[in-house]
Amino acid sequence: MKNCLSLIAIVLATVIGLNVNMKIDDWKTATMAVTLDNIEALASGEDSDTKCFLLGSIDCPHSSVKVMYIQ
Amino acid sequence: MPILGFFMLSMINSCSKSKNFSDIKFPETVSLIGEERAMPDVYLKYPFRVRLNDTSLYVMDIHPADYYCHEFAYPSMKYKRSFAKRGEAPDEFLDAENIRFDNQNRLWVLDANRKKIVRFDEGDTAGSQEDTPLDENLIRTLDFDLLDDSTFIVPDYTGRHRLTIVDANGKATRHLFTIPIIGGVHGDASTIPIAQAWRSFLDYDAQRGIVAVATQLGQVLEIYDTQNERVVNIVKPEGMEPRFVTKGNYSVPTGIMGYSDIHIGEEYIYAIFWGHSFDDIKQQKHTEEGGKYIHVFDLEGNPVRQYLLDRYITGFHVDEKNKVIIGLDVNSDQPIVAYAYETTDCF
């Protein structure tokens, strides 16, 4: 009985952990999409394939605003 | 059975962790705990450079609301003044890349977008005193240091050379070295993306005539003897040089964030190392900006030790006399952090 309860507790903890992880990932993705849109509009060039995202310390080819990464 | 459950949970957690990259073997790793220097009067969005000059601490913010530079009394952190106003007026700044002191305690600020280096005298609140417009043949000069009170050493994006000496009028007078890429760099338009990918920070030691250069988008440390025009060492772990793809005339970095600040001391060269891959950054596995490592090399480029910090920093001031490193933690509302190394007497 004790072993059975331990097993149930472990399975429950695993499922809850996975669920929370997935929700956090969804939230991060949604937040990132909004933020990226804002910065992209600020720092992308009209005549180039490159786009700059988020505030950071990298020199962006299209903008005086330094960014986190370029794609 | 419970052990199996904990093992599964550990596996799930480990999947979300990211990897730090560094291929240099340091003889020792020393962990340092920082002490915040509370700064209640000024909000800094993204402090990137810090200089201690006697009892004044100067901090440069690269994403400011109003002013790029701020002066505080140190160690009290009492606010003294702000300068280098952001704006488009002739005496305002579009950008600030670095701040430096000359031998007369005058502060110089590089504005890459206006292509000039501007001097402020000590305690000056009225505005800049002198502008040095940079040579039109230089493309995006993103760092500088002073050779003496009126001569500068700078990198740029032309890719034709690694460093350029600029005189008091901003004119390029001498070019030094080449980007240490395999096969060399040819002086045509295709070299610009290479120079972008090899964007670096530098520090010059006037006493020895040595300049140390560290790449932002890869893990390369270059040490040059400017007086004898000699390459002292290129510390370039295999596969860690800047990686990039070219889109049009632009370079898109695909490797890692490498170094973000460098300092030559009496015996050692110090450099802040990030080690975050761009894959991890894009996937938001690394949300903190800055590096947790300070790599320490001797003046020949041999690894001596690395400091492992308790937070991520972007820029630093190394006070070897008092054995304190003042770092900038952009991820905190109180970004000024002091790290004592070897002794704790100064706290």
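Note that this is a predicted model, so its numbers are computed, not measured.

Draft legend 1. Spatial organisation of the sheet that holds strand S2 (residues 34-36) of chain B. Residues and elements named next belong to chain B. Spatially, 4 strands are ordered S2-S27-S26-S25 in an open sheet, and the strand pairing comes out antiparallel. In the strand order of this sheet, the two ends are held by S2 and strand S25 (316-319), each with one partner. This sheet shows a mean twist of 25 degrees between the axes of neighbouring strands, independent of strand direction. Here S2 pairs with strand S27 (residues 336-340) via 3 bridges, running antiparallel. Of the residues in S27, the one forming a bridge with glutamate 35 is alanine 338.

Draft legend 2. Examining the confidence of the model for chain A more closely. All names here are of chain A. When pLDDT is averaged along chain A, the result is 63, and 32% of the positions lie at 70 or above. The spread of mean pLDDT over the elements of chain A runs between helix H1 (residues 2-43), the lowest at 48, and strand S2 (residues 67-70), the highest at 97. Predicted confidence is poor over residues 17-43, with pLDDT under 50, and the contacts of this stretch with residues over four places away or in other chains come to 22 contacts.

Draft legend 3. How the structure looks around the nonpolar core. Core analysis: the largest hydrophobic core is formed by 97 residues, its most contacted members being A:Val67, B:Cys69, B:Ala96, B:Val109, B:Ala212, B:Ile262 and B:Ala271. Here this core gets 6 residues from one element, more than from any other, and that element is strand S22 (residues 268-277) of chain B.

Draft legend 4. Up close: the pairing of S25(B). Residues and elements named next belong to chain B. Alignment of S25 against strand S26 (residues 324-328), held across 4 bridges, turns out to be antiparallel. Among the inter-strand pairings, histidine 317 is bridged to a residue of S26, identified as isoleucine 326. Linking two consecutive strands that pair antiparallel, namely S25 and S26, is a turn of 4 residues; a positive phi of about 55 degrees is found at lysine 323 within it.

Draft legend 5. Seen up close, the pairing of strand S17 (residues 221-225) of chain B. Residues and elements named next belong to chain B. Counting buried residues along S17, 4 of its 5 residues qualify, which places the element largely inside the surrounding structure. As consecutive antiparallel partners, strand S16 (residues 210-215) and S17 are separated by 5 residues. With 5 bridges joining them, S17 and strand S18 (residues 230-235) adopt antiparallel strand pairing. Note that in S18 the partner of aspartate 225 across the bridge is arginine 230. Taking the residues that link successive antiparallel strands as the turn, the S17-S18 hairpin has 4 residues, and the phi of glutamate 229 there is positive, at about 50 degrees.

Draft legend 6. Up close: the environment of B:Pro155. Residues and elements named next belong to chain B. Position of proline 155 relative to the elements: it lies in the loop between strand S12 (152-154) and strand S13 (163-166). Taking the number of C-beta atoms within 10 Å as the measure of exposure, proline 155 has 24 and is therefore buried. Sequence separation between proline 155 and lysine 80 is 75 residues, and the spatial gap between their C-alpha atoms is 32 Å.

Draft legend 7. The arrangement of unusual backbone geometry in detail. Put simply, B:Tyr74 and B:Pro75 share a cis peptide bond, and its omega is 15 degrees. Although it is not a glycine, A:Leu54 sits at a positive phi angle of roughly 60 degrees. Its place among the elements puts A:Leu54 in strand S1 (residues 52-58). Positive phi is not limited to glycine here, since B:Ala84 has a value of about 60 degrees. Tracing the chain through its elements places B:Ala84 in strand S6 (residues 79-85). Looking at B:Ala84, the number of C-beta atoms within 10 Å reads 25, which means it is buried.

What counts and how
- Residues numbered from 1 in each chain as written.
- Chains lettered and ligands numbered in written order.
- Predicted model: local features only at pLDDT ≥ 70, side-chain atom pairs only at ≥ 80, totals over all residues.
- Pairing = 2+ DSSP bridges.
- Helix = DSSP H or I, 4+ residues; strand = E, 2+ residues; numbered from the N terminus.
- Axes fitted to C-alpha atoms, helices over the stretch in contact; angles between N-to-C directions.
- pLDDT = per-residue confidence, 0-100.
- Contact = placed C-beta atoms within 7 Å.
- Core = buried A, V, L, I, M, F, W, Y, C linked by C-beta atoms within 7 Å.
- Buried ≥ 20, exposed ≤ 12 C-beta atoms within 10 Å, placed from the backbone.

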